[in-house]
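Tertiary structure, described
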Amino acid sequence: MSIKTIVIVAIAVLLTIVLMQNTDEVYFKFLFATFRVSKLMMMLVVAVTGFILGLIVAWPKKQKFDIEGYHDAMHKKDDTDTLSDEDREYIS
């Protein structure tokens, strides 16, 4: 077994132990309502919500690629003298 697998299994076991130790019910107030919810359920809801928010924040944004600017930079569009040395000799 690799170290990565061992670490994942150890974290999963520790997380399971922590969740199973917190099964008693607690009162949870949300705005104007009060609910009786198990700590296990609240911990799972908070963990899933945090994971989803983390994915949304870390999601890569689409970058707009300026192909015209890239083309102009590669071919120096601002340079009006585009003749090569061979072309100049041919014209002369």
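These numbers come from a predicted model, not from an experiment. (Residues numbered from 1 in each chain as written. Predicted model: local features only at pLDDT ≥ 70, side-chain atom pairs only at ≥ 80, totals over all residues. Heavy atoms only, no water.)

Turning next to the pairing of strand 1 (residues 25-30). Of the strand pairs in this sheet, strand 1 and strand 2 (residues 33-38) are connected by six bridges, and their pairing is antiparallel. For F28, the partnering residue across the bridge sits in strand 2 and is F35. Taken together, strand 1 and the strand that follows it, strand 2, pair antiparallel across an intervening segment of two residues, in which L31 is found at a positive phi of about 55 degrees. (Pairing = 2+ DSSP bridges. Helix = DSSP H or I, 4+ residues; strand = E, 2+ residues; numbered from the N terminus.)

So, on to the pattern of salt bridges. In the structure shown here, the tally under the stated rule is three salt bridges. Put simply, E25 and R36 hold a salt bridge, and the shortest N to O gap is 2.5 Å. Here E25, found in strand 1, pairs with R36, found in strand 2; they are 11 residues apart in sequence, far enough to count as distant. (Salt bridge = Lys/Arg side-chain N within 4 Å of Asp/Glu carboxyl O.)

Per the UniProt entry, the sites bearing "transmembrane region" (unreviewed entry) are residues 40-59 in this numbering. Overall, residues 40-59 shows 95% helix and 0% strand. The separation of its end C-alpha atoms is 28 Å. (UniProt positions renumbered as here; feature names shortened; annotations may be inferred.)

This brings us to the confidence of the model for the chain. Residues of the chain with pLDDT of at least 70 account for 79%, and the chain-wide mean is 81. Within the chain, no element has a lower average pLDDT than helix 3 (residues 67-75), which sits at 66, and none a higher one than helix 1 (residues 3-21), at 88. (pLDDT = per-residue confidence, 0-100.)

A separate point is the environment of Y27. With respect to the element layout, Y27 can be found in strand 1. Judged by its relative accessible area of 62%, Y27 is exposed. Here the alpha-carbon distance between Y27 and S38, two residues 11 residues apart in the chain, equals 8.5 Å. Leave out the neighbours within four places in its chain, and Y27 touches T34, F35 and R36. (Buried < 20%, exposed > 50% of the residue type's maximum accessible area, 1.4 Å probe, protein only. Contact = heavy atoms within 4.5 Å.)

For the rest of this paragraph, the subject is a nonpolar patch on the surface. There is a patch of nonpolar side chains on the surface, built from V48, F51, I52, L53, L55, I56 and W59 and spanning about 770 Å² of accessible area. Its place among the elements puts L55 in helix 2 (residues 39-58). Classification of L55 by relative accessible area gives partly exposed; the value is 40%. (Patch = residues over 30% accessible without salt bridge, like charges linked within 9 Å, V, L, I, M, F, W, Y side chains within 5 Å. Areas by Shrake-Rupley, 256 points an atom, 1.4 Å probe, with all protein chains shown as cover.)

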